[in-house]
Each structure stands twice: as structure tokens, then as C-alpha cells.
Amino acid sequence: MEIITIIFLTVISLAFSIFIKLIFFSPTHKLPPGPPRLPIIGNIMWLKKNSFSDFQGVLRDLASRHGPIITLHVGSKPSIWVTDRLLAHEALVQNGAVFADRPLALPTTRVITSNQHDIHSSVYGSLWRTLRRNLTSEILQPSRVKAHAPSRKWSLEILVDLFETEQREKGYVSDALDHLRHAMFCLLSLICFGEKLSREEIREIEEAQYQMLISYTKFSVLNIFPSVTKFLLRRKWKEFLELRKSQENVILRFVNARSKENTGDVLCYVDTLMRLEIPTEEGEEEGTKRKLSESEIVSLCSEFLNAGTDPTATAMQWIMAIMVKYPEIQRKVYEEMKSVLSGEEIKEEDLGKMSYLKAVILESLRRHPPGHYLSYHKVTNDTVLAGFLVPRQGTINFMVGEMGRDPKIWEDPLTFKPERFLQNGEANGFDMTGTREIKMMPFGAGRRMCPGYSLSLLHLEYYVANLVWKYEWKCVEGEEVDLSEKQQFITMVMKNPFKANMIPRRR
Ligand code: HEM
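- As recorded in an unreviewed UniProt entry, the chain goes by the name Cytochrome P450 89A9, listed as coming from Cardamine amara subsp. amara.
- Turning to the chain, the UniProt annotation filed under Subcellular location (unreviewed entry) states: "Membrane".

As C-alpha cells, this is what we get:
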């Protein structure tokens, strides 16, 4: 009964919005082409037929038929997808300000982000600028990143311990992604809360974060027609809000502990958030500023922990899988390290001398970017791209995974070839920011480009270098490394995680 009412009201509201649109809105430019669209429902039915689980395959297939910019319809809202790197450059870099907005968040996301008060989801404007500048100029500036070198060493020890324990107990390693995530989480929570928390405390925060992450799908029904579901699905809303409350309680415990004990040594993210003042919004007194609320601080800490952990751990899973699958590449990484140093471990200052290692990491980000799309963008005004309308009412996204595999840009794109990024290689001198041109964009490009990209490159280099320096990673007999992919929340992980034996290197 509940579901029937929701569907009925949804259909009526969508039909009404389409009717209004048809009467009042007739643009000179057309939307980009796309598959046939059913009135009201859009392309959803069509997509379902072609499987939601292979969304990228569906988009690839559509792009081969309709071209590099296509429209899908979710209900009445157009969702535009771009596969072409030149169009991505035109939009995100050349017309950066127009394409830098974010759409209105869904109701459950609004709760999780404290009404779009985190960097990812905030609309393009003064709030976004203040939050992003706080992160980049306080936490991500080079001297502060350097000050966290001991934190990285600490989390590397945790990582090595996790791997060694699994190798000892099982006889091989198979949970690399879990270990990498946990080690990254230890590091990010130290940078966030300014304290080495116990492993139990870290697991508690991880669990609260995980519950919030799965709530995006578990409670998605609440977003269908919120004013109705708020009434009809009261119990489900209550359950969701309680989950958010318990996440807030966990994170606020560590925030409050920091605010009482702030000793003024290395500044942590929470310190910056406690003193930050954000511009007031509509309805509040104009021109004044205010402090962040507790819920907003939780959303920003949560964003920092997730953004800094998941994609980096995923990228590292792929890189280590490559090391196991291609012993020759692993050998070259090791030989390069041997030629530039001799100590017990790799220090951060040594990384600058390792161009082959850097090339392996870039090649892995090209071939296996952790995210195959960006976060949804929105334009600030109706605009035109490639001769088609990009309406303010819709969303636009870019197919990162496809760009890294485009045969028009990359020679033999499916082959793993780090040499591309070395001197005389086809991508020698590659610029990750894509300012001049975009060849691939695992971190996005333009104004919304990932602000943590150099930090994550440092993390990838530091951990991979030390893992290969300390151990030889060998394929388990009869367990070939399979590089098939699987979408897991926002990242593309290995469908079948690799298994390996780690053998200490004797020097
Ligand atoms: C391998 C690791 C990482 C990858 C592949 C990655 C990728 C991305 C991508 C694709 C976006 C969306 C860009 C867009 O929508 O145009 C993004 C945004 C973002 N990332 Fe990362 N990221 C990584 C690590 C990090 C780290 C370490 C941090 C922070 C410590 C971070 C913080 C953020 C934030 C705050 C945003 C939102 C930016 C905005 O909307 O202005 N990321 N990242």
C-alpha cells in the first residue's frame, strides 16, 4: 500500500513538472542525443534491461552509438555524460566556473552532509571556497604534509603488521584492500583528530563511517518522494536519523577530546574546523560570519576520512596486484630503489629519485582509476557544449575510466606499460592537473579537482615503495591475478582480490 501511494504521487509530480517544462521552456539548442525515452520514467526502464551493474558498459555502448556526449533521463531530469577528453577540457578547464556547481543533494545526503556543508557537495560559491581553502592552505600545504612523515611511518608499521599476520596465519595474503584501508584510516584519523587513537577506537570510527556509507543504498527509498516518505515511512526515517546520530556521537567524542586537550603542536584538521568561520547564508544576517555547528564538523571530518582513505587504498590494491601479476615490473621497481639507496627503509626524501616507481603509479591510475566517474557536476547557467544544451536543471558527469583507455590518446591502451610516462614515452611530462590538456583525469580537473591529489600520490609512492623494498610479492601457485573490476560504493575495486606470498628480502 505504502509503495503504491509513493509511486502514484511520484508519477503525478513528474508528469506535472514535464508539463510545465514543455509549456514554458523551448531551448534553441537541443540536449545531447541519447536512448529513446519513455515519458515520465525516462530511460530507467531501458537501463534496467541492460543491467545497472554494468553502468559503465551501458554508457560505453551508448557513446559508441550516439557520440561523445549523451543524455540519459532519470525521471524528467537530464543527466549528461561526456566521454571525450577534449570536451572535458573545454568544460572543466576552459569554462571552469560555469561547470563547477553541484546539484541539490538528495534528502538523505542532505542529512549526511549537514545540508551540503562539506566540500564535495557544497554549491559553487563562498561557502565552498572557504571550506576548500581551509583544507588546502592548512592541512594540505607542503610543510604541514611534511610534518606528518612520522604519522605515515606509524601507519606503515601497522600495515606491515597486518600483512605479516595474515601471511603467518593463512599462509598467504588475500585481504590486501582491508589492510590498506585500515592503515590509511589510521593515518587519516591521526591527521584529522591530532592523536594516535587505539586500534579499537579507530575500528569504531571506521564502523560508524561504513554504516553511513551503506545507508546511501539502504535508505535510498526515502529519497523518492520525501514529503510523502517522511510521513509514510516514518520508521525507516527514524532508523536512518538514529544511524546518523550514532555516527555524530562517535566522531564528536574525538572532536571534543581534541578541543579540550589542544596542545598546539602539529595542527590537525579538527583544530582548523574549530576556529573556522563560514559566510552566512540566505535567511541569516548578511555579511556576518559564523562558526561551524557540531553536525557540520562531523560531516567535514567524515568527508576527510572517507575521501582520504577509500580511493587511495583502492589505487594501492591495484598497484600491488600489478606487482604480483608482472614480476618483471616489480623487479624493475626494486632495482631502481637499490640503485638509489641502501638503508633499511625508504624515506620520503628518497622518493624523488624513483622515476620508474612514479611511472608505475601513473600507469595504474590510467588503467585502473579508483573512480570511473567524477562526483556529479552542475552548470551555473544553461550553457552549450559541443553544440548541445547543458541545462542548469540537470547534472553532468565525465567518464574518467573511458578516457584512460581511449585508443585515440593511448597507444595500445589496454596494455600495462609504465614506460609511457618515462622520458621519450608518449606521456612524458604528463601534467595531472590537465591545465593544458587532459589525457586522463583520475583526480578530475578544473576548479573541483581533487584537492588531495598530491597527498595521495605521496601516499601511493611511500607505501608501495616500502612494501616492495621490504618484501618480494609472489603469486600464489594456481591463483593467477585476475584484473576484472567491480563497483563498490564510489570506487572500482578488484572483482577477485589478488592472493600473494610476501617473502622478506634479505640484504
Ligand atoms: C588516489 C586517491 C584519490 C583519488 C583518485 C581522488 C579522486 C577524486 C575525484 C575524482 C574527485 C571529484 C572531482 C570532481 O568532482 O570534479 C575528488 C574530489 C575530492 N577529493 Fe579526492 N581523490 C583521492 C584522494 C583524496 C585525498 C587524500 C583527499 C583529502 C585528504 C581528497 C579529498 C577530496 C575532496 C575534499 C574532494 C571534493 C573537491 C570539491 O568538490 O571541491 N581526495 N577526488
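**Re a nonpolar patch on the surface**
Then, in step 1: Nonpolar side chains collect at one region of the surface, where Tyr210, Phe489 and Ile490 lie side by side and expose about 320 Å² of accessible area between them.
Then, in step 2: Structurally, isoleucine 490 can be placed in the loop between β9 (485–488) and β10 (491–494).

**Some points on the site of the ligand**
Then, in step 1: Neighbouring residues of the ligand: 21 residues in total, closest Arg102, Trp128, Arg132, His377 and Cys450.
Then, in step 2: Separating an oxygen atom of the ligand from a backbone N or O atom of isoleucine 119 is a distance of 3.5 Å.
Then, in step 3: Between the ligand and histidine 377 there is a distance of 2.7 Å, counted from an oxygen atom to a side-chain nitrogen or oxygen.
Then, in step 4: For the shell around the ligand, the secondary-structure elements that each account for two or more residues are α6 (126–139) and α14 (294–325).
Then, in step 5: Of all the elements, α14 adds the most residues to the shell around the ligand, at 5 residues.

**Description of the packing of helix α8 (residues 149–170) against helix α10 (residues 199–218)**
Then, in step 1: Look at α8 against α10: their axes get within 14 Å of each other, and the N-to-C directions meet at 85°. Judged on the interaxial angle alone, α10 and α8 are roughly perpendicular. Where α8 abuts α10, its residues Trp154, Ile158, Asp161 and Leu162 lie against Arg199, Ile202 and Arg203.
Then, in step 2: When the residues that make up the contact of α8 with α10 are grouped by side-chain class, the tally is 4 nonpolar, no polar and 3 charged.

**A closer look at the state of the cysteines**
By definition, a disulfide links the sulfur atoms of two cysteines through a covalent bond.
Then, in step 1: Summed over all chains, the structure comprises 0 disulfides.
Then, in step 2: For cysteine 192, which is in no disulfide, the shortest distance to another cysteine sulfur is to cysteine 301 and amounts to 3.8 Å.

**A few points about the environment of lysine 196**
Then, in step 1: Its place among the elements puts lysine 196 in the loop between α9 (176–193) and α10.
Then, in step 2: The exposed category is assigned to lysine 196, whose relative accessible area is 52%.
Then, in step 3: Along the chain, lysine 196 and serine 155 lie 41 residues apart, while their C-alpha atoms are 9.8 Å from each other.
Then, in step 4: The residues contacting lysine 196, other than those within four sequence positions of it, are Trp154 and Leu190.

Rules and cut-offs
- Here, residues in each chain are numbered from 1, in the same order as that chain's written sequence.
- Predicted model: local features are reported for residues with pLDDT of at least 70 only, side-chain atom pairs are reported and counted for 80 or more only, and whole-chain, interface and lining totals are derived from all residues.
- Each side-chain value is derived from all of the structure's non-hydrogen atoms; neither hydrogens nor water enter the calculation.
- UniProt positions are given in the numbering used here, feature names are shortened, and annotations may be inferred rather than shown by experiment.
- Only residues whose relative accessible area exceeds 30% and that form no salt bridge enter a patch; like-charged residues are grouped when within 9 Å of one another, and nonpolar side chains (Val, Leu, Ile, Met, Phe, Trp, Tyr) when within 5 Å.
- Reported accessibility uses the Shrake-Rupley method at a 1.4 Å probe radius. Residues are deemed covered only where the shown protein chains occlude them.
- By convention in these notes, a salt bridge is any Lys or Arg side-chain nitrogen within 4 Å of a carboxyl oxygen on Asp or Glu.
- Helix and strand labels come from DSSP, where a helix needs a run of H or I of at least four residues and a strand needs a run of E of at least two; each type is numbered from the N terminus.
- When we say a residue is near a molecule or strand, we mean one of its heavy atoms is within 4 Å of it.
- Polar contacts, as counted here, are pairs of nitrogen or oxygen atoms within 3.5 Å of one another; within protein the pair requires one atom able to donate a hydrogen and one able to accept it, and residues that are adjacent in sequence qualify only if both atoms are side-chain atoms.
- For helices, the fitted line uses only the C-alpha atoms of the stretch in contact; every axis is such a line through C-alpha atoms, and the angle between N-to-C directions lies from 0 to 180 degrees.
- Note on angle classes: values under 35 degrees are labelled roughly parallel, values over 145 roughly antiparallel, values of 65 to 115 roughly perpendicular, and the remainder oblique.
- Only heavy atoms enter the contact rule, under which two residues are in contact if any of them lie within 4.5 Å.
- Three classes are used, and their members are as follows: Ala, Val, Leu, Ile, Met, Phe, Trp, Tyr, Cys and Pro are nonpolar, Asp, Glu, Lys and Arg are charged, and the others, Gly among them, are polar.
- Count a disulfide wherever a pair of cysteine sulfur atoms falls within 2.5 Å.
- The buried label applies to any residue whose accessible area, calculated with a 1.4 Å probe on protein chains only, is under 20% of its type's maximum; exposed applies above 50%, and partly exposed to all values in between.

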